[in-house]
Amino acid sequence: MSDTHAQTVSYVRDTMLPETSPPTTEVGAVKWLRENLFSSITNTVLTLLSIFVIYWILSHVGPWMLGGIWNAGSLSECREIRDATVGSDHGVACWAVLSDRWHQLLFGYYPSELYWRPILALILFLGGLAPVLFDKVPRKMFILSAVAPFLCFWLLWGGSIWLPISIALGFVVGYVAYGPLTKTFGSLAGIIGAIVLPLLYWLFLSGPVYAGLDSVLPIGIEFVESRAFGGFMLSVVIGLSAIVLSLPLGILLALGRQSDLFIIKTSAVVFIEVIRGVPLIVWLFTAQLLLNYFLPPGTNFDLTLRVIIMVTLFSAAYIAEVIRGGLAALPKGQYEGADSLGLSYWQSMQLIVLPQALKISIPGIVNTFIGLFKDTTLVVFIGLFDPLGIASAIRASTDWNGIYWELFIFIGAMFFIFCFSMGRYSLYLEKKLQRENR
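Residues numbered from 1 in each chain as written. Predicted model: local features only at pLDDT ≥ 70, side-chain atom pairs only at ≥ 80, totals over all residues. Heavy atoms only, no water.

This paragraph deals with the overall build of the protein. Helix and strand content of the protein: 18 helices and two strands. The C-alpha atoms of the protein give 30 Å as radius of gyration, which overshoots the globular expectation for 438 residues (22 Å, by more than 25%). Dimensions of the protein, computed from C-alpha atoms along their principal axes, come out at roughly 110 × 80 × 40 Å. Within the protein, buried positions represent 35% of all 438 residues. Total accessible area on the protein stands at roughly 26100 Å², and carbon and sulfur atoms take up 68% of it. Of the charged side chains in the protein, 26 are positive and 27 negative, and the gap between their average positions amounts to 8 Å. (Helix = DSSP H or I, 4+ residues; strand = E, 2+ residues; numbered from the N terminus. Rg over C-alpha atoms; globule rule 2.2 N^0.38 Å. Buried < 20%, exposed > 50% of the residue type's maximum accessible area, 1.4 Å probe, protein only. Areas by Shrake-Rupley, 256 points an atom, 1.4 Å probe, with all protein chains shown as cover. Lys, Arg positive; Asp, Glu negative; His and termini not counted. Charge placed at Lys NZ, Arg CZ, Asp CG, Glu CD.)

What follows is about helix α3 (residues 41-66). Since the α-helix advances by 3.6 residues per turn, residues separated by three or four positions end up pointing in the same direction. Helix length check: α3 (26 residues) gives 36 Å between terminal C-alpha atoms against 38 Å at 1.5 Å per residue, within 8%. At S59, α3 is bent by approximately 30°, the largest bend along its length, and proline P63 sits one to four residues beyond. Turning to α3, its buried residues are T47, G62 and W64. (Expected span 1.5 Å × (residues − 1). Bend = angle between axes of the 7 residues up to and from the residue.)

For R101, the location among the structural elements is in helix α5 (residues 96-107). Not counting chain neighbours up to four residues away, the residues in contact with R101 comprise I394, S397, D399 and W400. (Contact = heavy atoms within 4.5 Å.)

If you walk through the whole model with that rule in mind, you get one disulfide. The residue that forms a disulfide with C78 is C94, at a sulfur-sulfur distance of 1.9 Å. Torsion about the S-S bond of the C78 and C94 cystine: about 75°, corresponding to right-handed handedness. Pair noted here: C78 is in helix α4 (residues 75-85) and C94 is in the loop between α4 and α5, with a separation of 16 residues, a long-range link. Comparing C78 with C94 shows no difference in burial state: the two are buried. (Disulfide = S-S within 2.5 Å.)

We now examine the environment of L133. Along the chain, the position of L133 falls in helix α6 (residues 116-133). What makes L133 partly exposed here is its relative accessible area of 28%. Separated by 84 residues in sequence, L133 and L49 have C-alpha atoms that sit 41 Å apart.

Another aspect to go through is the environment of G402. Its place among the elements puts G402 in the loop between α17 (387-396) and α18 (405-436). Judged by relative accessible area, which is 35%, G402 ranks as partly exposed. Residues G402 and E80 lie 322 residues apart in sequence; the distance between their C-alpha atoms is 15 Å. Beyond its immediate chain neighbours, meaning those up to four positions away, G402 contacts L75 and R395.

Right, let's get into the environment of L129. Along the chain, L129 falls in helix α6. Residue class for L129 comes out partly exposed when judged on its relative accessible area of 24%. Linking L129 and V270, residues 141 residues apart in sequence, is a C-alpha distance of 32 Å.

Attention now goes to the packing of α5 against α17. Where α5 meets α17, the axes come as close as 10 Å, and the angle between the chain directions of the two elements is 130°. As judged from the angle between their axes, α5 and α17 are oblique. For the crossing formed where α5 meets α17, the hand is right-handed. Of the residues in α17, those in contact with V97, R101, Q104 and L105 of α5 are P387, I390 and I394. Along the lines of polarity and charge, the residues of the contact of α5 with α17 split into five nonpolar, one polar and one charged. (Axes fitted to C-alpha atoms, helices over the stretch in contact; angles between N-to-C directions. Parallel < 35°, antiparallel > 145°, perpendicular 65-115°, else oblique. Left-handed = near helix turned anticlockwise from the far one by under 90°. Nonpolar A, V, L, I, M, F, W, Y, C, P; charged D, E, K, R; others polar.)

With that settled, the discussion passes to the pattern of salt bridges. Within this structure, the stated rule accounts for nine salt bridges. For D83, the salt bridge goes to R82, with nearest N and O atoms at 3.1 Å. Classification of D83 by relative accessible area gives partly exposed; the value is 40%. A salt bridge links R101 to D100; the nearest nitrogen and oxygen atoms lie 3.2 Å apart. Looking at D100, the relative accessible area reads 28%, which means it is partly exposed. Through salt bridges with shared partners, a single network forms among R257, E273, R276, E321 and R324. (Salt bridge = Lys/Arg side-chain N within 4 Å of Asp/Glu carboxyl O.)

Attention shifts here to the confidence of the model for the protein. Low pLDDT means the predicted atomic positions in that stretch should not be read closely. Looking at the protein, pLDDT values average 87 and 95% of them are 70 or higher. Taken element by element, the protein is modelled with least confidence in helix α1 (residues 3-6), mean pLDDT 54, and with most confidence in α3, mean pLDDT 93. (pLDDT = per-residue confidence, 0-100.)

What follows concerns helix α12 (residues 262-276). Between its terminal C-alpha atoms α12 stretches 21 Å, which fits the 21 Å expected from 15 residues at 1.5 Å a residue. Contact partners of the buried residues in α12: α11 (231-257), α13 (280-289) and α14 (303-329).

Here the focus is the packing of aromatic side chains. Scanning the model with the defined rule gives 19 aromatic pairs in all. What links up through ring pairs into an aromatic cluster is the set F232, F373, F410, F415 and F418. (Phe/Tyr/Trp six-rings, centres within 6.5 Å; stacked < 30°, edge-to-face > 60°.)

Along the chain, the position of R306 falls in helix α14. Although R306 is buried, it makes no salt bridge; D302 carries the closest opposite charge, 6.8 Å away. A distance of 3.1 Å separates a polar side-chain atom of R306 from the backbone oxygen of A287. (Polar contact = N/O pair within 3.5 Å; in protein donor to acceptor, adjacent residues only side chain to side chain.)

In this section: the packing of α14 against helix α16 (residues 345-375). Packing of α14 against α16 brings their axes to within 8 Å, and their N-to-C directions diverge by 145°. Relative to α16, the crossing made by α14 is right-handed. Touching V311, S315, Y318, I319, V322, I323, G326, L327 and A329 of α14 are V353, L354, A357, L358, I360, S361, G364, I365, T368, F369 and L372, all from α16. Here the contact of α14 with α16 is built from residues that sort into 15 nonpolar, five polar and no charged.

Structural data, given as structure tokens:
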């Protein structure tokens, strides 16, 4: 400081002040509340209004839920316990219906001594799905991913072990045929052969192969009919099967719609538009009543499997359009870059185009899957006992006639857990891919 300026200032600090903690309004929860809930007059009014609404709901619903009765054999017994404890003027939930009928809500009419089979099937399915969803899982787990669908099918329905094996042989036929056909006639002929030959095998040869193997070496477990399936087990079986199967089919349809080959493009467009243009409930009735007419004479195709096929086709049409949006969002330079590297069509799709298109399409794909899982409740209209159908059956019994909210709250909570989990995985995947591309 110059001497001139020093003479005009009465006091100049020549030592540093000691460090102090920031004001309480600038740290911790107080700062978060001030910035997020009370940052302006409008925000403050909305916050106070929201708090009042939440308080009003909790003050009315909370005692009803928390004071619920868990031990009773019927709704009448619930009411007697309520009258004796809190009085008839107070309403309380009768959760006893859940403790009394949880097995039906979860497993439908599946034999109780065989509950281990759907539980084991779900564990195997999740184990097989783990290497697909998480890259830190050992790659050897893909072996379980390949065999899990057939093991789950066998565990759920039971019967001879040779039936899922004979079905799996169809994929082996397609895999074996792809290489020679591609080398001899080109990649397109290889793909068509890998699709058509397994279909022909399943239609005409898988039955005799299964019968022959079973007659020579009968190995199996107790068979369970599809009408025993119900509750959340039915929703999970239909929903997860359709989700897993519809994604690769939707990718093929999206690529087919963008193909330069007229027949393939037209077939993909017709399939997508026809499937998308008709409500799902109509396709479910078609699966129930008409699908058997398109199968070889004498074929008695299981209703649950017919529903899985129809829901898969319906979902694949929507997935195809979501992925087509991702393909359209890619700059033309990505396709040109792949061509400049001398990559074939399938190499460019596998290495350059599809990874980027799928990344863009993740929110739409997961949104479609969530909608599909919730739409599994529509099977109640074709006579299958999904959770809503089981709830109706429980309410039709003399013990629980007149109970509503407890069952619907439980069903809604279970669906929320599944759908929320899928949504959180979608967010995890989006953040992970964003970090990897930095």
